[in-house]
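Inside the fold
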Amino acid sequence: MSRMPVLEVQNLVTTFPSRHERVSAVDGISFALHSGEVLALVGESGCGKSISALSILRLVPKPGRIEAGSQIRLAGEDLLARSIPEMRKLRGAALGMIFQEPMTSLNPVQTVGVQVVEAIRLHERLSADAARRRTEALLEQVGIPDPRARFQAYPHQLSGGLKQRVMIAMAIAMRPKVLIADEPTTALDVTVQAQILDVMRGLQRELGTAILLITHDLGVVNQLADRVAVMYAGKIVEEADRRTLLTAARHPYTQGLLRSIPALATHRARLEEISGVVPSPHDWPAGCRFSTRCTQVFEPCTKQVPESREIHPGHTVACHAVARDEEKRCATASAQATSFARDEQGRP
Ligand SMILES: Nc1ncnc2c1ncn2[C@@H]1O[C@H](COP(=O)(O)OP(=O)(O)OP(=O)(O)O)[C@@H](O)[C@H]1O
Ligand SMILES: [Mg+2]
């Protein structure tokens, strides 16, 4: 039996109003995140990654809304049943968050030290002195050199990498069970990006923080993720552990994503991108949403939505072509087993 997941999302549907009806930006996604685990949510722009994250945090921008039937549980507790003030308390405490743009989340007219102190005192009664000491320790923990001096700095006096470290310090101040990081390193240059990923890996190892890591960068996935869920047009199309996903992906979309990254391509480095773009929620094709860009389309693809099926323990794929190939493989295997059994019986 597996342990209870620290975050469990089931059949999450988040919609926005469109011309005539509501359209689903996130359309029935399910996943589980265990403590100490890093789950990466990947996919091209517009596929619903941020809306999924904002849904978990209950921060979906209006007029978006989470539909009935969706389930989000944090350590077994139903988040969709929480009131707005209760959610506000949970965010920053049990649920930490880091976004791509640290500049927009930090107050420009307040020192970063005071901002971290305030974040702590929002959740815990602590003397100013104790909160200050804790802040300095946190700044040090996320690798900010000379934390005492940096405490006094205003956001504009810090580099993008340092600002993102301050955001991480704030996000982990209350030792959240789950940290939701939406493109935490996208705005940073490669060296700083690697340092931030190191800080996050340290947190996951030392504090057992579970991380939902949202990224379109499979290089980042390779460095940090334990498992990977691939999203396309509002749905999770494939999920597997990192190694399986990077070396034995089965969904044509995942395979295309992998081929578009020379460093990760399993064969020779070829920059072979998937043609076309992610359709927008109001003109999603019938059947499989990837069918308009897929090279393996056959009869059912344009008619029926493919169901997600587990092809190996822990590896799920939602693709008609994969399902067909798996059925063939199983049929061949069982035919072989039958003939083997017959041979055995016929043996003198
Ligand atoms: N405020 C909004 N109003 C209406 N529709 C929205 C809004 N925000 C997002 N959407 C819809 O939800 C879809 C998913 O958006 P989301 O921001 O989750 O994509 P993403 O995967 O995070 O992309 P990116 O990689 O560019 O950040 C968008 O294609 C858009 O149609
Ligand atoms: Mg996004």
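Everything numeric here is computed off the predicted structure, so don't read it as measured data.

Okay, the site of ligand 1 next. The local shell around ligand 1 holds 15 residues, among which Ala 25, Ser 45, Lys 49, Ser 50 and Ile 51 are the closest. Each residue belonging to the shell around ligand 1 can be placed in one class, and the counts come to six nonpolar, eight polar and one charged.

Attention shifts here to helix α4 (residues 112–123). With twelve residues, α4 extends 18 Å between its outermost C-alpha atoms, agreeing within 8% with the 16 Å of an ideal straight helix rising 1.5 Å per residue. Among the residues of α4, Val 112, Gly 113, Gln 115, Val 116, Val 117 and Ile 120 are the ones counted as buried. Close packing links the buried residues of α4 with α5 (128–141), α6 (147–151) and α7 (160–172).

Our next topic: the pairing of strand β10 (residues 227–232). Burial analysis of β10 places six of its six residues in the buried class, which makes it a mostly covered element. The alternating pattern of β10 places Arg 227, Ala 229 and Met 231 on one face and Val 228, Val 230 and Tyr 232 on the opposite face, and all of these are buried. In the sheet, strand β3 (residues 38–42) pairs with β10 via four bridges, with the strands oriented parallel. Across the sheet, the residue bridging to Leu 41 is Ala 229, located in β10. Of the strand pairs in this sheet, β10 and strand β11 (residues 235–241) are connected by six bridges, and their pairing is antiparallel.

Rules behind the numbers
Think of each chain on its own: its residues are numbered from 1, step by step along the sequence as written. All chains are assigned letters beginning at A, and all ligands numbers beginning at 1, according to the order in which they are written. Predicted model: local features are reported for residues with pLDDT of at least 70 only, side-chain atom pairs are reported and counted for 80 or more only, and whole-chain, interface and lining totals are derived from all residues. Any residue whose C-beta atom, as set from the backbone, lies within 6 Å of a molecule or strand is reported as near that molecule or strand. Asp, Glu, Lys and Arg are counted as charged, while Ala, Val, Leu, Ile, Met, Phe, Trp, Tyr, Cys and Pro are counted as nonpolar; the rest, among them Gly, fall into the polar class. Numbering goes from the N terminus for both helices and strands, where a helix is a DSSP run of H or I of at least four residues and a strand is a run of E of at least two. To estimate the expected span of a helix, count its residues, drop one, and scale the result by 1.5 Å. Once C-beta atoms are placed from the backbone, each residue is buried if 20 or more other C-beta atoms lie within 10 Å of its own, exposed if 12 or fewer, and partly exposed for counts between those two. We call two residues in contact when the distance between their C-beta atoms, placed using the backbone, is within 7 Å. Paired strands are those between which DSSP finds at least two bridges.

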